[in-house]
Each structure stands twice: as C-alpha cells, then as structure tokens.
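Observations on the model geometry
Here's the letter readout for the chains.
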Amino acid sequence: MLRFLLPLALLAGVLMLPTTASAQVVEGEEHCVVNIKTSDVLNVRSKPSVSGKLLGSLDYSECGVVVVDSCVGNWCPVETDFVSGWVNRKYISMVSPALYCVTGVSAGDKLNLRAYPSPTSKVIAKLSRHQCDIAFLPYAVGSWQKIRVEDDLEGWVNRKYVSGE
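Remember, it's a predicted structure, so these values are computed and weren't measured experimentally.

If you tally the helices and strands in the protein chain, you get one helix and 14 strands. Within the protein chain, the fraction of its 165 residues that count as buried is 34%. Summarising the internal contacts of the protein chain: among those between residues at least 6 apart in sequence, 55% fall at separations of at least 24. Looking at the protein chain as shown, the accessible area adds up to about 10,300 Å², and 54% of this sits on carbon and sulfur atoms.

A separate point is the state of the cysteines. Going through the model one piece at a time under the given rule, you end up with three disulfides. For cysteine 32, the disulfide goes to cysteine 63, at an S-S distance of 1.9 Å. The S-S bond linking cysteine 32 to cysteine 63 shows a torsion near 100°; that makes this disulfide right-handed. Of this pair, cysteine 32 sits in strand E1 (residues 30–33) while cysteine 63 is found in strand E4 (residues 63–67), placing the two residues 31 residues apart along the sequence. We note that cysteine 32, like cysteine 63, is buried. One disulfide in the model links cysteine 71 with cysteine 76; its S-S distance is 2.0 Å.

Right, let's talk about the pairing of strand E13 (residues 153–158) for a bit. As defined by bridge partners, strand E12 (residues 144–149) adjoins E13 across six bridges and the pair is classed as antiparallel. Note on E13: the bridge partner recorded for tryptophan 144 is asparagine 158. In this antiparallel pair of consecutive strands, E12 and E13, the connection spans three residues, and glutamate 150 shows a positive phi of 50°.

Cut-offs used in this document
Residues numbered from 1 in each chain as written. Predicted model: local features only at pLDDT ≥ 70, side-chain atom pairs only at ≥ 80, totals over all residues. Heavy atoms only, no water. Helix = DSSP H or I, 4+ residues; strand = E, 2+ residues; numbered from the N terminus. Buried < 20%, exposed > 50% of the residue type's maximum accessible area, 1.4 Å probe, protein only. Contact = heavy atoms within 4.5 Å. Areas by Shrake-Rupley, 256 points an atom, 1.4 Å probe, with all protein chains shown as cover. Disulfide = S-S within 2.5 Å. Pairing = 2+ DSSP bridges.

Any functional reading would require information beyond the geometric quantities listed.
See the structure below:
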C-alpha cells in the first residue's frame, strides 16, 4: 500500500508547484516589453536566433511593438517605428483592447492618473468618472494598473476604479 501512496504524493507535489505565467502574444496586435530588468533592453535580431545580427533594442516597458507574422518557436517577427526584426516571445506581452471604463468614482470627482504606482506620485491627468476606451498595459503592482487613454497618455490607477465596459 505504501508503495502506491508514495508515487501519488510525489505527483501531487509536482502538480502544486508554481508555474511561470506566459505572456500573451497575438499576431497583428500591439505588445509591450516585459520580463526584463528596468535597466536592461530587449534585443531585436535579424533572424529567430540569438546568433542573428543585432538590429536594435527595445527598452523595458516600451510599447508599440507589433507582432507582424506567426511566431517561429519562441521567436516572433516584430515591427516598431524604429526597427523590424525578431524578439523572444518571453519578453513581450499584448496590450489589452481599450475595453475598460472608470467606475466607482463619486459624482463631481475624478480618477487620478499617476506617474508611478503610488498614491503620493505626481498626478499627470484627471480622468472623468465616465472615461472609457482605457487599455490595460501589461504591468501591475499590487492594486495599481498601468493604463493608456486617448492613444498616447499612459499612467497608473488603482485597479478598483477601472472595469470592463
């Protein structure tokens, strides 16, 4: 009996191990650079391999990276305003569609869009309590979510004040 319980216990232990979440990559959609140190860059290469010629680099949290065709293994063909080439899919994640709205803000009040994920960070804009067309960028810190509004304004809000349309 014990020889049957030991393999089951080992299997249960394996199934409960934490797994690394994979970034969502979708052809034709905008992505941002993720999963690198803020002081590091993501290399853009001439072919889907670390041996490909270095064509350029993308900074941490840089968005506007469009996957232009099907990925080949772990490598995806991308274009930005400045460079085209291949990047490892582990380091990009899709920007959500702009399907979110401000919610739970009292009449006469506005939602602060902040420069950093902190209630003491500089307020860079005030969003109307009826603001919609908000895109979630693939960055969150605690209860803070990085968002984009009006196609170019990016900042941080408390996630409890933003929900799906």
